[in-house]
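Residues per chain, in single letters:
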Amino acid sequence: MENKWVRAAIPALLIHCSIGTVYCWSTFKEAIADRIGVSTFATGWAFSLAIFFLGMSAAFAGRIVESDIHKSSLIACICFTVGMIGTGLTIQFAKGVVALIGIYLFYGCIMGIGLGIGYLTPVKTLMLWFSEQKGLATGISIMGFGLAKAIATPIMEILQKNYGISAMFYVLGAVYFCMMLLGHFLLKKPEGWVEKSVKDTSFKLGSIAKNKVFIGIWLMFFINIHCGLMLITYEKQLLNVTFALSASLAAIVSIVPSVTAACNALGRIGYSTISDKMKDRSLVYQIIYISCLLITGIMGFSGLFGAGFTGNGGFYGFLIILMLMIINLGYGGGFSTLPALLSARFGMENISKIHGVALSAWAVAGITGNNLSEIILRSSGQNYTYIILTAMVLYTVALIICLSMVKEKR
């Protein structure tokens, strides 16, 4: 069948619902650390490396994606599943430093490359098929990346409990190989679109990297991811310190990760779809930054002046949940609206390359986001209020950049 759903939307979801499970890291990081006999902090660098290689491989793979989406989708499938199965083998047969190096190699490097190329591959194809609804198109695909955590987390917990951590990686590696391979076979650009087989000289990395609008987009995109990772990766700890004494609310707290994962996915489809109705897609980012800086400001100053982490939940506790929901909405929306914003500013001709370079911001934020939170916590005596206030300041900076460098001039 030759239609936009079979040839673009479904294969994009198959690929992104597979690679999006990178955000399930917190589900099994402690089990990995216990199994190989190292600290969770040491194993945590595997996640940081995966995000780093995701962003950098996307930055340098744009040329491959532009010229041949079937080559790039197959590379993504192989790298991602080799990374998954290699991680399982490392956990099963190695210990200590050797195991740690193996996990960095397989989960961080090889799987990270599969993540970046797989993330980038369906995007232009979707925008070509949905030429009048680019935001909706990218939202559908990138929603799958955000929704993957909600789908995979309970499955991972069942597999770990019944079969062990290594078997979990083997089973999921096989399942994701089949899903991504099917996506590879289905993915196809519209009839009449000719892949360029000659070297394209119209795209110059140096010129785009010096472009003021692109620099603004890169910076505000980086800040959105950085702030999101500062708070999302400490979601469980924030809830624990806020509701520590409220056993009666344990059931409510236990479903919060699923709610925030749903918000992440909803932000990806919602904000990008809304952008289709706007004359200037940067307005979506203004909405994201204003909502995020307001909620972090309320929460940060409340915590600073004594209405903070009391341990018994209360009204402040529910505001924490609301903050996590709003942050996740904006975090997801920032990703899904990016390709459409870039196409509005720079056109469609080299969108995969430009999008790939922009995703290098994700690579940098993957290293800085959760590690800055760790530094703040250590220097402040485990006070989460300062993380929230830092995020508020950065969201303000992102809003200023959006208004001064990215907003469409009239």
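Our subject is the structure that appears above.
First, a word on scope: everything that follows refers to the structure included in this document.

Definitions and limits used
- Just so you know, the residues in each chain are numbered from 1, in the order the chain's sequence is written.
- Reporting in this predicted model follows two pLDDT cut-offs: at least 70 for local features of residues, and 80 or more for side-chain atom pairs to be given and counted; totals over whole chains, interfaces and linings ignore these cut-offs and use all residues.
- Hydrogens and waters are ignored; side-chain quantities use all the structure's heavy atoms.
- Here, axes are lines fitted to C-alpha atoms. For helices the fit covers the stretch in contact, and angles between N-to-C directions go from 0 to 180 degrees.
- Strands here mean DSSP runs of E at least two residues long; helices mean DSSP runs of H or I at least four residues long; both are numbered from the N terminus.
- Should an angle lie under 35 degrees it is considered roughly parallel, over 145 roughly antiparallel, and from 65 to 115 roughly perpendicular; all remaining angles are considered oblique.
- By definition, any crossing whose near helix is turned counterclockwise from its far helix by less than a right angle is left-handed, and any crossing with a clockwise turn is right-handed.
- For this classification, Asp, Glu, Lys and Arg are treated as charged, while Ala, Val, Leu, Ile, Met, Phe, Trp, Tyr, Cys and Pro are nonpolar and the rest, including Gly, are polar.
- We define a salt bridge as a contact between a side-chain nitrogen of Lys or Arg and a carboxyl oxygen of Asp or Glu at a distance within 4 Å.
- Only protein chains enter the area calculation, which uses a 1.4 Å probe; residues under 20% of their type maximum are buried, those over 50% are exposed, and those in between are partly exposed.
- Stacked, tilted and edge-to-face pairs are distinguished by plane angle, under 30 degrees for stacked and over 60 for edge-to-face with tilted covering the rest, among Phe, Tyr and Trp rings (Trp via its six-membered ring) whose centres lie within 6.5 Å.
- Either the NZ atom of lysine or the CZ atom of arginine qualifies as a charge over a ring when it sits within 6 Å of the ring centre and within 35 degrees of the ring normal.
- A contact between two residues is defined here by any heavy atoms of the two lying within 4.5 Å.
- What a helix is expected to span follows from its residue count: subtract one and scale by 1.5 Å.
- Consider a residue and the seven residues that end there alongside the seven that start there; fitting an axis to each set, the bend is the angle between those axes.
- Here the nonpolar core consists of buried residues drawn from Ala, Val, Leu, Ile, Met, Phe, Trp, Tyr and Cys, with membership extended through side-chain atoms lying within 4.5 Å.
- Any residue with relative accessible area above 30% and no salt bridge may belong to a patch, with like charges joined within 9 Å and the nonpolar Val, Leu, Ile, Met, Phe, Trp and Tyr side chains within 5 Å.
- Per-residue and other accessible areas follow the Shrake-Rupley method at a 1.4 Å probe size, with only the shown protein chains counted as cover for residues.

Examining the packing of helix α9 (residues 212-232) against helix α17 (residues 385-406)
Okay, so step 1: Closest axis-to-axis distance for the α9/α17 pair is 9 Å, and the angle between their directions is 160°. If you check the angle between α9 and α17, you find them roughly antiparallel. Crossing handedness for the pair α9 and α17: left-handed.
Okay, so step 2: Split into classes, the residues belonging to the contact of α9 with α17 amount to 20 nonpolar, 6 polar and 1 charged.

Remarks on the pattern of salt bridges
Okay, so step 1: This model, assessed by the stated rule, comprises 5 salt bridges.
Okay, so step 2: The residue Arg 281 makes a salt bridge to Asp 276 at a minimum N-O spacing of 3.0 Å.
Okay, so step 3: Of the charged contacts, one joins Glu 374 and Arg 378 as a salt bridge, the two residues approaching to 3.2 Å between their closest N and O atoms. Of the two residues, Glu 374 and Arg 378 are both situated in helix α16 (residues 360-379); the distance of 4 residues between them amounts to about one turn of the helix.
Okay, so step 4: Judged by relative accessible area, Glu 374 falls into the partly exposed class, the value being 22%.

So, the packing of aromatic side chains
Okay, so step 1: Applying the stated criterion to the full structure yields 22 aromatic pairs.
Okay, so step 2: Where Phe 335 meets Trp 362, the ring centres are 4.4 Å apart and the plane angle is 55°; that geometry is what we call tilted. You can see Phe 335 sitting in helix α14 (residues 314-346) and its partner Trp 362 sitting in helix α16, a full 27 residues away along the chain. Each member of the pair, Phe 335 together with Trp 362, is buried.
Okay, so step 3: The rings of Tyr 23, Phe 47, Tyr 119, Phe 145, Phe 221, Tyr 331, Phe 335 and Trp 362 are connected pair by pair, giving a single aromatic cluster.
Okay, so step 4: Here the basic side chain of Arg 378 rests over the ring of Phe 41, its NZ or CZ set 5.2 Å away from the ring centre.

Comments concerning the environment of Leu 389
Okay, so step 1: Along the chain, the position of Leu 389 falls in helix α17.
Okay, so step 2: The buried category is assigned to Leu 389, whose relative accessible area is 12%.
Okay, so step 3: Linking Leu 389 and Leu 293, residues 96 residues apart in sequence, is a C-alpha distance of 9.1 Å.
Okay, so step 4: Excluding anything up to four places from it in sequence, Leu 389 contacts Gly 300, Phe 301 and Leu 304.

Here we look at α14
Okay, so step 1: Between its first and last C-alpha, α14 extends 48 Å over 33 residues, near the 48 Å set by a 1.5 Å rise per residue.
Okay, so step 2: At Leu 338, α14 shows its strongest bend, of approximately 40°, with the proline Pro 339 following within four residues.
Okay, so step 3: Of all 33 residues making up α14, 24 are buried, and the element is well covered by its neighbours.
Okay, so step 4: One or two positions beyond α14, positive phi appears at Gly 347, with a value near 85°.

Section: the nonpolar core
Side chains of a nonpolar character, in soluble globular proteins, are inclined to be buried together.
Okay, so step 1: Val 22, Phe 28, Tyr 107, Met 323 and Trp 362 are the most contacted members of the largest nonpolar core, which has 113 residues in total.
Okay, so step 2: When residues in this core are grouped by element, the largest group, 13 residues, is from α14.
Okay, so step 3: In contact with Phe 28, not counting residues within four places along its chain, are Tyr 107, Met 156, Gln 160, Ile 165, Met 168 and Phe 169.
Okay, so step 4: Counting residues in each nonpolar core, the second largest holds 10 residues, with Ala 9, Leu 126, Leu 136 and Ile 269 among its members.

Side note on a nonpolar patch on the surface
Okay, so step 1: On the surface, Phe 301, Leu 304, Phe 305 and Tyr 386 cluster together into a nonpolar patch covering about 440 Å² of accessible area.
Okay, so step 2: Looking at the element boundaries, Phe 305 is found in the loop between α13 (282-304) and α14.
Okay, so step 3: With relative accessibility at 68%, the residue Phe 305 sits in the exposed group.

A word on the packing of α13 against α17
Okay, so step 1: Interhelical geometry of α13 versus α17 gives an angle of 155° and a closest axis separation of 8 Å. Judged by the angle between their axes, α13 and α17 are roughly antiparallel. You can see that α13 and α17 cross each other, and the crossing is left-handed.

Some points on the side chain of Asn 328
Okay, so step 1: Mapped onto the fold, Asn 328 is located in helix α14.
Okay, so step 2: Overall, Asn 328 belongs to the buried group, its relative accessible area being 3%.
Okay, so step 3: Not counting residues within four places of it along the chain, the set of residues in contact with Asn 328 comprises Ile 232, Glu 235, Thr 260, Cys 263 and Asn 264.

Quick look at the environment of Glu 349
Okay, so step 1: Tracing the backbone through its elements, the reader meets Glu 349 in the loop between α14 and α15 (351-358).
Okay, so step 2: Owing to a relative accessible area of 45%, Glu 349 belongs among the partly exposed residues under this scheme.
Okay, so step 3: Distance from Glu 349 to Cys 292, taken between C-alpha atoms, is 33 Å for residues 57 residues apart in sequence.

Points about unusual backbone geometry
Okay, so step 1: One non-glycine residue, Gln 382, adopts positive backbone phi at about 60°.
Okay, so step 2: As for its placement among the helices and strands, Gln 382 is situated in the loop between α16 and α17.
Okay, so step 3: The class of Gln 382 is partly exposed, set by a relative accessible area of 47%.

Concerning the environment of Lys 29
Okay, so step 1: In this structure, Lys 29 sits in helix α2 (residues 25-36).
Okay, so step 2: When its relative accessible area of 21% is taken as the criterion, Lys 29 is described as partly exposed.
Okay, so step 3: When the C-alpha positions of Lys 29 and Ile 165 are compared, they lie 10.0 Å apart, and in sequence the two are 136 residues distant.

Everything listed here is a matter of geometry and, on its own, says nothing about what the molecule does.
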